[in-house]
Amino acid sequence: MAEIVNMTPHTVNVFENGEQVLAIEPSGEIIRLEESRNTVSSVNGVSVYHQSYADVNGTLPDVKSGVVYIVSMKIATAVPDRTDFVCPGRIVLDSDGNRLGCDGLSSVSGILVLSEGEEE
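(A) Structural view of the packing of aromatic side chains. With the rule as written, the count across this model stands at one aromatic pair. Relative to Phe85, the ring of Tyr69 lies with its centre 6.0 Å away and its plane at 80°, an arrangement referred to as edge-to-face. One end of the pair, Tyr69, is in strand 6 (residues 67–70); the other, Phe85, is in strand 7 (residues 85–93), with 16 residues separating them in the sequence. Across the pair, exposure class does not vary: Tyr69 and Phe85 are buried alike. Here the guanidinium or amino end of Arg37 rests over the ring plane of Tyr49, the centre of that ring lying 3.6 Å away.

Laid out in structure tokens, this is it:
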């Protein structure tokens, strides 16, 4: 069984077929992107920014056999060659529209490699 390490600051509640199957607590290590923003305009007194992201801020975890890392979609998109990175799947809401968790996990690379030569 793979180890799932949550590199986000939030608990990730994973649902399958409408039932919660996992609650993955944050690991305490967070991966972030360098962010820059410049004011481009304002609307009714509210600033409008051009926001962009650059390199990963900090060190990425080493690839480890049997370990999958949950990261944000921004991080997964920034490093698409990391086949051990997944992000939360589609949002699961309750009947009042409150966020409960995610429907499975998503892979930006389109594959998930758990160890050398092993794909899921």
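Past the structure itself, the notes keep going.
(B) Quick look at the sheet that holds strand 2 (residues 12–16). Taken in spatial order, the six strands of this open sheet run 1-6-7-8-2-3, and their pairing is mixed. Because the sheet does not close on itself, it has two edges, and the strands there are strand 1 (3–6) and strand 3 (19–24). Averaged over all neighbouring strand pairs, the angle between strand axes comes to 45°, with direction disregarded. In this structure, strand 2 lies alongside strand 3, joined through five bridges in antiparallel fashion. Counted as the bridge partner of Val14 is Leu22 from strand 3.

Definitions and cut-offs
- Residues numbered from 1 in each chain as written.
- Predicted model: local features only at pLDDT ≥ 70, side-chain atom pairs only at ≥ 80, totals over all residues.
- Heavy atoms only, no water.
- Phe/Tyr/Trp six-rings, centres within 6.5 Å; stacked < 30°, edge-to-face > 60°.
- Helix = DSSP H or I, 4+ residues; strand = E, 2+ residues; numbered from the N terminus.
- Buried < 20%, exposed > 50% of the residue type's maximum accessible area, 1.4 Å probe, protein only.
- Lys NZ or Arg CZ within 6 Å of the ring centre and 35° of its normal.
- Pairing = 2+ DSSP bridges.
- Axes fitted to C-alpha atoms, helices over the stretch in contact; angles between N-to-C directions.

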